[in-house]
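# Observations on the three-dimensional arrangement
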Amino acid sequence: MTRILLVEDDAAIRASLTRGLTAHGAVVSSVATAVEAIKAVGSELPDAMLLDLGLPDLDGADVLTMIRASSDLPVVIATARDDEREIVRLLDAGADDYLVKPFAAAQAMARIRAVLRRTASSAPADRRVVVAGLVIDPVARTAALHGSDLGLNRKEFDLLLALATRAGQVVTKRELLAEVWQQPWGGADRTVDVHLSWLRRKLGETAATPRFLHSVRGVGVKLVPPDDSPADSRPTS
Ligand code: CA
């Protein structure tokens, strides 16, 4: 699950790219201005940014410079200008890659994945998700409870990561189907239920006696620190 911050002022392009990237399994938050983009980098904690250069308030190049002053966030720029000198200038200013409009969401997703692969190998292991005694490492793709590896299969891992990155929030089965199974138009709820029950078994709990995984009837499921965990390890909201 890749969290993408889409910065695009054209509402039609923004809607179409949001749909397309979501269909490719990304979690997309979108904004239309440079000011919102700079705020969202801090609040949404995206994995990557797709940045349109022609914005109404600031030039995309200035946005890039401002972000680079404080963040290594992978940035793919989208430009309508097929201007080689401009593109070179932006790559020098810290853009990780670029796309020339018009482009398909699939192409954008492929560029973002490639950029993330390149940055993952050099990134420090500080992106671990920790909830009480549960430690999930998205780079190594390992999950451990109180230091013991849970031995999760691929989907169980993706499911746990999807829930743990939003600890304390109810995540709907539809969202899980979109993020973990790349079925944004819905699939069998049963798929989610079956994997949840396997995940519960590996976490040493059941639906009747939940610790981390709490079903919210008719809505979805949320991951929370168990009641018996030390209070200081709970996420603050
Ligand atoms: Ca634009």
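With respect to the helices, strands and loops of the structure, E205 is situated in the loop between α8 (189-203) and β11 (213-216). This buried residue, E205, is left without a salt bridge; R200 holds the nearest opposite charge, at 4.3 Å. Of note is the side chain of E205, whose polar atom sits 2.8 Å from the backbone nitrogen of F212. For E205, the residues in contact, after removing those within four places along its chain, are R200, P210, R211, F212 and L213.

With an omega of -5 degrees, the peptide bond between K101 and P102 qualifies as cis. Mapped onto the secondary structure, P102 falls in the loop between β5 (97-100) and α5 (105-120). Even without glycine at this site, L45 takes up a positive phi of about 45 degrees. You can see L45 is positioned in the loop between α2 (34-43) and β3 (48-52).

The subject of this paragraph is the coordination of the calcium ion. Ideal values for angles at a metal depend on the geometry: 109.5 degrees with four tetrahedral donors, 90 or 180 degrees with six octahedral donors. Coordination of the calcium ion by the protein involves D9 (OD), D52 (OD) and G54 (O), with metal-donor separations of 2.2 to 2.4 Å. Site description for the calcium ion: donor spacing in sequence, D-x42-D-x1-G. In this pair, D9 is assigned in the loop between β1 (2-7) and α1 (11-23) and D52 in strand β3, connecting sequence segments 43 residues apart. A relative accessible area of 5% places D52 in the buried class.

The strands making up a sheet associate through backbone hydrogen bonding, with each pair oriented either parallel or antiparallel. Taken in spatial order, the five strands of this open sheet run β2-β1-β3-β4-β5, and their pairing is parallel. Here the strands that pair on one side only, and so sit at the sheet edges, are β2 (26-31) and β5. Averaged over all pairs of adjacent strands, the angle between strand axes in this sheet comes to 20 degrees, irrespective of strand direction. When strand β4 (residues 75-79) meets β5, the two strands line up parallel, connected through four bridges. Across the sheet, residue A78 finds its bridge partner in β5, namely L99. Packing of helix α4 (residues 84-92) onto the sheet brings it into contact with β4 and β5, and relative to β5 it is tilted by some 150 degrees. Across the face of the sheet, α5 comes into contact with β1, β2, β3, β4 and β5 while running at roughly 175 degrees to β5.

Relative orientation of the contacting elements helix α6 (residues 154-164) and helix α7 (residues 173-180) amounts to 125 degrees, with a least axis distance of 10 Å. Judged by the angle between their axes, α6 and α7 are oblique. Like other packed secondary-structure pairs, α6 and α7 cross with a definite hand, here right-handed. Here K155, D158, L159, A162 and L163 of α6 come into contact with α7, specifically with L176, E179 and V180. By residue class, the composition of the contact of α6 with α7 is five nonpolar, no polar and three charged.

Glancing now at the pattern of salt bridges. Summed over all chains, the structure comprises 10 salt bridges. Notably, a salt bridge pairs K101 with D52, separated by 3.1 Å at the nearest N-O pair. You can see K101 sitting in the loop between β5 and α5 and its partner D52 sitting in strand β3, a full 49 residues away along the chain. Assessed through its relative accessible area of 22%, K101 is described here as partly exposed. Among the ionic contacts, a cluster of salt bridges with common partners joins E8, D52 and K101.

Attention now moves to α2. Among the residues of α2, those classed as buried are A34, A37, A40 and V41. Seen end-on, α2 carries its buried residues on one side only, within an arc spanning 115 degrees. The exposed residues of α2 that point more than 90 degrees off its buried face are K39, G42 and S43. Against β1, β2, β3 and α3 (60-68) lie the buried residues of α2. Positive backbone phi, at 45 degrees, marks L45, one or two positions downstream of α2.

What the domain assignment reports for the protein chain is domain 1 (3-122) and domain 2 (128-236). Its C-alpha centre places domain 1 at a distance of 29 Å from the equivalent point of domain 2. Every contact between the two is made by five residues of domain 1 and, on the other side, six residues of domain 2. Regarding the contact of domain 1 and domain 2, the summed buried area is about 450 Å², with carbon and sulfur atoms giving 65% of it. Seen at the junction of domain 1 and domain 2, the total is zero salt bridges. Between domain 1 and domain 2 we count zero residue pairs in polar contact (both at pLDDT 80 or more) in total. Residue composition of the side of domain 1 that touches domain 2, by class: three nonpolar, two polar and no charged.

Analysis parameters
- Residues numbered from 1 in each chain as written.
- Predicted model: local features only at pLDDT ≥ 70, side-chain atom pairs only at ≥ 80, totals over all residues.
- Heavy atoms only, no water.
- Helix = DSSP H or I, 4+ residues; strand = E, 2+ residues; numbered from the N terminus.
- Buried < 20%, exposed > 50% of the residue type's maximum accessible area, 1.4 Å probe, protein only.
- Lys, Arg positive; Asp, Glu negative; His and termini not counted.
- Salt bridge = Lys/Arg side-chain N within 4 Å of Asp/Glu carboxyl O.
- Polar contact = N/O pair within 3.5 Å; in protein donor to acceptor, adjacent residues only side chain to side chain.
- Contact = heavy atoms within 4.5 Å.
- Donors = N, O, S within 2.8 Å, 3.2 Å for Na, K, Ca; no water.
- Pairing = 2+ DSSP bridges.
- Axes fitted to C-alpha atoms, helices over the stretch in contact; angles between N-to-C directions.
- Parallel < 35°, antiparallel > 145°, perpendicular 65-115°, else oblique.
- Left-handed = near helix turned anticlockwise from the far one by under 90°.
- Nonpolar A, V, L, I, M, F, W, Y, C, P; charged D, E, K, R; others polar.
- Arc of directions from axis to C-beta.
- Domains from an automatic or database assignment.
- Buried area = accessible area lost by both parts, 1.4 Å probe.

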